[in-house]
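Observations on chain architecture
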Amino acid sequence: MNIDLSVQNVTKRFKEFTAVDDVSFDVPEGNFFSILGPSGCGKTTLLRMIAGFTEPSAGSIEIRHDSMVGRPPNKRPVNLIFQHLALFPMMTVGQNIAFGLQRRGEKKESVKTKVQAILERVGLPGFGDKNIDQLSGGQQQRVAIARCLVMDPTVLLLDEPLGALDLKLREQMKVELKKLQAQVGTTFVYITHDQSEALVMSDHVAVMNAGRFEQIDTPQNLYSNPQTAFVAQFVGENNTWSGRVVQINDDGVQIEVGEGQLFRIRPRQAASQGTQIDLFLRPEAMLIQPDPSIGSLNRFEVKVKAILFDGANSRLLANPLKTEREILIALPQNRQYDHIRVDDQIEVGWDVESGICFNSDR
Amino acid sequence: MKKGIRWAFVIFVTPVLLWLFLLIVLPHIDLLIMSFRIEDDFGNSTWSASNYLNFFKEPIYWLTFARTAAYSILVTVLTFIVALPVAFFITKVVDVRYKGFLTMLLLLPFWVSELVRVYGWMILLRESGVINHFLLKAGLLRQPVEMLYNDVTMVMGLVYTSMLFMVIPLISVLDSLDDSLIEAAYDLGANMWSILIKIIIPHSMPGIVSGAIVVFMLTLGNYLTPNLMGGKNSLWFTEQIYNQFIASFNWNQGSAFGFLLLLLSSLVIWIGLKLSGQKLSKVVK
């Protein structure tokens, strides 16, 4: 497989502060690669280094095995879709899209055909003569994408372009962007703080925290098999416990999470008596009123505090008995649990295998 | 309630209307009437267009007029060329913390009257002035050179006097230019020159035109700077007007010249607006 973008040991320091700390990754041709991280984690700095607006303090960036060090943005085979799109308000849609081609010195005729073709591709045929402010948010989005795609870049960089859209349109654009990427086959590098955007669209996702990559993986693996506590916490919803190992025997490790509650877990790292463990449980790992015959479950009683109805994503907010802790439990909408009311006391259980544990660094 | 608002409107608008009518409209009507009257040999005044005809008959008048217009346009263009990098530097390059300070530095000289600033230039440039003194001391010159009283000095002085009126509107339009537009153009393969031509200037057009109108009108109507820095050779049209009013006591001829200058500035501004595709209502905003 050809590697379109290769970032090796890239570091960016601003005086005392290290924004990007020794980051390395490769993006194969035609991949939809996302960098997911909270705001301030350095993802925008990383993207700007790939685009050429900032130079790395150390490390190399190669595009198709061609070193980009010291090359200005207008000479790189990458294009960037800006967070607020940065469409030129003084030009029409057509002029916006033609801008890059004209700078490259392409012939008038070829510019015209390319602009028309790309407008059709993004679903805006005949919009060439409109002004930017005549377009809706979603249409502006597509013009921004068309303006970059028409340049036929090796790598297309996207800086949270869906952030400004309202929820419904964002959901729609997510699917559209994914489809468009599959059609054109251009390598996309997408940065976002919204995990759903990253998980839905990407082939691979890198989770970034405090300037470092925590894990690079497929969305499925990231969710079901996080490698660090940060990834477990950041990707998807969680119930978190921290506890201390009290017993180690053949069929597992037991931890005490406070108020005398014992859980059996399957630790990933070596654990000994007294080791502090952080335990993460997805809401859907919690089974409501599980069958008593299943032996591998950790069971406990909870009191329902609220029912958070949200269609297929409905959940229960509950307190384990005698505690103030709040946990989220997935509530499948298959009518099986319609009898549950607020203040009911129910039993919940979770399988030993679904508990994600890390040795606490505290 | 509605009546109350109407009263408030009348109270606020009356001073403005009085100001406009008493100090601007009324004197101009008087000047207009005066410009069409002449005194015959017996001291009786009669209607005539000869004040205006004189202007066309006497080459010195319309040559001065054309020269003033051409130099005013040149000064406007030069002021723009000088002011754009300054405004760009203040708004886009320098750290936000120093922006206010730098704008202040630009404003500071304008707290002093134009007269004092022009005299400042004269102290620097005249034959026995500061620059000549140092050039002589350094041995670069054998004898002092008169740097005042030529067109180059006069144009420089006019650019200096009017620069602020170009920089301020440019700062405000460039402030509203999103940096990411410049970056996007750069990312799409544009070089510095095409970013300037395609992005920065089209975006700044309202500011450029409003700055240019102010600079052009101020320069065209400037009396002090051409007179002091250009000396007798400056041949600025305002001097002709002054001469008619004060030296020749020919108020009728002076008012005719005044109206010609008003027509000229309106005409040039109208052409400028047409060429730049801007609307006056948008520019004065």
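Small disclaimer: the values here were computed from a predicted structure and weren't measured.

Here the focus is the interface of chain B and chain A. Taken together, the contacts link 15 residues of chain B with 16 residues of chain A. Elements with a contribution of two residues or more to the side of chain B that touches chain A: α8 (179-187) and α9 (192-220) of chain B. If one sorts the elements of the side of chain B that touches chain A by residue count, α8 of chain B sits on top with six residues.

Confidence in the prediction of chain B, expressed as mean pLDDT, is 88, and 98% of residues score 70 or more. Here the predicted complex carries an ipTM of 0.81, next to a pTM of 0.80.

This part is about the packing of helix α7 (residues 151-175) of chain B against α9 of chain B. All names here are of chain B. Close contact between α7 and α9 brings their axes to 8 Å; oriented N to C, the two are set at 160°. Comparing the axis directions of α7 and α9 gives the class roughly antiparallel. Crossing geometry of α7 relative to α9 is assigned as right-handed. Facing Leu 158, Ser 162, Phe 165, Met 166, Pro 169, Leu 170, Ser 172, Val 173 and Leu 174 of α7, the residues of α9 in contact are His 203, Ser 204, Pro 206, Gly 207, Ile 208, Ser 210, Gly 211, Val 214, Val 215, Leu 218 and Thr 219. The residue makeup of the contact of α7 with α9, split by class, is twelve nonpolar, eight polar and no charged.

Let us look at the nonpolar core. Counting 100 residues, the largest nonpolar core has Ile 50, Ala 146, Leu 157, Val 189 and Val 207 of chain A together with Ala 185 of chain B as its most contacted members. Shared between two domains, this core takes at least three residues from each, and those domains are domain 1 (3-234) and domain 2 (239-359) of chain A. Counting 29 residues, the second largest nonpolar core, distinct from the first, contains Phe 80, Phe 165, Val 167 and Ile 208 of chain B.

Let's shift gears to the environment of Gly 138 of chain A. Residues and elements named next belong to chain A. Within the secondary structure, Gly 138 is located in helix α4 (residues 137-149). Along the primary structure Gly 138 and Gln 336 are separated by 198 residues, whereas in three dimensions their C-alpha atoms are 40 Å apart. When near neighbours in sequence (up to four residues on either side) are disregarded, Gly 138 contacts Leu 165, Leu 169 and Met 173.

Further remarks concern the pairing of strand β1 (residues 3-14) of chain A. Residues and elements named next belong to chain A. Strand direction decides the pairing type here: β1 and strand β2 (residues 17-28), joined by eight bridges, are antiparallel. Opposite Leu 5, over in β2, you have Val 27 as the bridge partner. In sequence, β1 turns back onto β2 through a hairpin of two residues, with Lys 15 there showing a positive phi of about 50°. Bridge analysis of β1 against strand β4 (residues 58-63) gives five bridges, and the strand direction is antiparallel. Looking across to β4, one finds that Ser 6 is bridged to Glu 62.

Right, let's talk about the domain arrangement of chain A for a bit. Residues and elements named next belong to chain A. Under the domain assignment, chain A is made up of domain 1 (3-234) and domain 2 (239-359). Between domain 1 and domain 2, the C-alpha centre-to-centre distance is 39 Å. On the side of domain 2, four residues touch domain 1, which itself brings four residues to the contact. Residues that form the side of domain 1 that touches domain 2 fall into these classes: three nonpolar, one polar and no charged.

Another point: the sheet that holds strand β6 (residues 78-81) of chain A. Residue and element names in this part refer to chain A. One open sheet holds the six strands; their spatial order is β6-β7-β8-β3-β9-β10, and the pairing between them is mixed. Among the strands making up the open sheet, the edge pair consists of β6 and β10 (212-217). Across the sheet, the mean angle separating the axes of adjacent strands is 20° when strand polarity is ignored. Looking at chain direction, β6 and strand β7 (residues 155-159) are connected through four bridges and run parallel.

Attention shifts here to the sheet that holds strand β20 (residues 356-359) of chain A. Residues and elements named next belong to chain A. With antiparallel pairing, the five strands of this open sheet are ordered in space as β13-β12-β11-β14-β20. The sheet is open, and its two edges are formed by β13 (262-265) and β20, each paired on a single side. Geometrically, the sheet is characterised by an average inter-axis angle of 40° between neighbouring strands, direction not taken into account.

Turning to helix α1 (residues 43-51) of chain A, a few remarks are in order. All names here are of chain A. Most of α1 is tucked away, with seven of its nine residues classed as buried. When we look at burial in α1, the residues that qualify are Lys 43, Leu 46, Leu 47, Arg 48, Met 49, Ile 50 and Ala 51. One or two positions beyond α1, positive phi appears at Gly 52, with a value near 105°.

Residue and element names in this part refer to chain A. Running from N to C, helix α2 (residues 93-103) and α4 cross one another at 30°; their axes reach a closest spacing of 7 Å. In terms of orientation, α2 lies roughly parallel with respect to α4. For α2 against α4, the interelement crossing comes out right-handed. Contacts between α2 and α4 involve Val 93, Asn 96, Ile 97 and Gly 100 from the former and Val 143, Ala 146 and Arg 147 from the latter. Residues belonging to the contact of α2 with α4 are distributed by class as follows: four nonpolar, two polar and one charged.

For the rest of this paragraph, the subject is the environment of Gly 137 of chain A. Residues and elements named next belong to chain A. Structurally, Gly 137 can be placed in helix α4. Sequence separation between Gly 137 and Gly 311 is 174 residues; the distance between their C-alpha atoms is 27 Å. Residue contacts for Gly 137: discarding those within four places in its chain leaves Ala 164, Leu 165 and Leu 169.

Calculation rules
Residues numbered from 1 in each chain as written. Chains lettered and ligands numbered in written order. Predicted model: local features only at pLDDT ≥ 70, side-chain atom pairs only at ≥ 80, totals over all residues. Contact = placed C-beta atoms within 7 Å. Helix = DSSP H or I, 4+ residues; strand = E, 2+ residues; numbered from the N terminus. pLDDT = per-residue confidence, 0-100. Axes fitted to C-alpha atoms, helices over the stretch in contact; angles between N-to-C directions. Parallel < 35°, antiparallel > 145°, perpendicular 65-115°, else oblique. Left-handed = near helix turned anticlockwise from the far one by under 90°. Nonpolar A, V, L, I, M, F, W, Y, C, P; charged D, E, K, R; others polar. Core = buried A, V, L, I, M, F, W, Y, C linked by C-beta atoms within 7 Å. Buried ≥ 20, exposed ≤ 12 C-beta atoms within 10 Å, placed from the backbone. Domains from an automatic or database assignment. Pairing = 2+ DSSP bridges.

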